[in-house]
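# Examining the three-dimensional arrangement
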Amino acid sequence: MPHDTVARFLAALSPEHREEVGRRPSEEQERLAAAWESELGTDDLDTLDELSPVAAESEAARRVVEGAGGAGPDSA
């Protein structure tokens with residue numbers, strides 16, 4: 001995965017999440033960035049993306065990190 005995808009993913013995160021993800025191994029950062037790109041393609045973000053691409057990227061990044069953090073509903 002290109003490094004610029006990880007950089008874009010990190011830039012879309014809130015400062016707190018960016019710091020937390022930045023401490024993770026690069027392989028995990030790449031996995032999260034790939035999940036982020038997949039999340040950007042979901043139907044419920046399409047309208048938000050048309051209105052504000054930055055907001056859609058940030059929302060997708062939040063979903064990925066919170067889902068991967070072990071406390072989300074998908075982490076069982």
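Predicted, not measured: the structure shown is a model, and the values here were computed from it.

Residues of the protein with pLDDT of at least 70 account for 84%, and the chain-wide mean is 83. In the model, residues 70–76 has pLDDT below 50 throughout and makes three contacts with residues more than four positions away in sequence or in other chains.

Inspection of the secondary structure puts Gly41 in the loop between helix H3 (26–40) and helix H4 (43–51). Exposure remark for Gly41: the relative accessible area of 54% places this residue in the exposed category. Taking C-alpha positions, Gly41 is 9.3 Å from Ala60, a pair spaced 19 residues apart along the chain.

This next bit is on a negative patch on the surface. Among the surface-exposed residues, Asp43, Asp46, Asp49 and Glu50 lie close enough to one another that they form a single negatively charged patch. You can see Asp49 is positioned in helix H4.

Calculation rules
- Residues numbered from 1 in each chain as written.
- Predicted model: local features only at pLDDT ≥ 70, side-chain atom pairs only at ≥ 80, totals over all residues.
- Heavy atoms only, no water.
- pLDDT = per-residue confidence, 0-100.
- Contact = heavy atoms within 4.5 Å.
- Helix = DSSP H or I, 4+ residues; strand = E, 2+ residues; numbered from the N terminus.
- Buried < 20%, exposed > 50% of the residue type's maximum accessible area, 1.4 Å probe, protein only.
- Patch = residues over 30% accessible without salt bridge, like charges linked within 9 Å, V, L, I, M, F, W, Y side chains within 5 Å.
- Areas by Shrake-Rupley, 256 points an atom, 1.4 Å probe, with all protein chains shown as cover.
- Salt bridge = Lys/Arg side-chain N within 4 Å of Asp/Glu carboxyl O.
- Lys, Arg positive; Asp, Glu negative; His and termini not counted.
- Charge placed at Lys NZ, Arg CZ, Asp CG, Glu CD.

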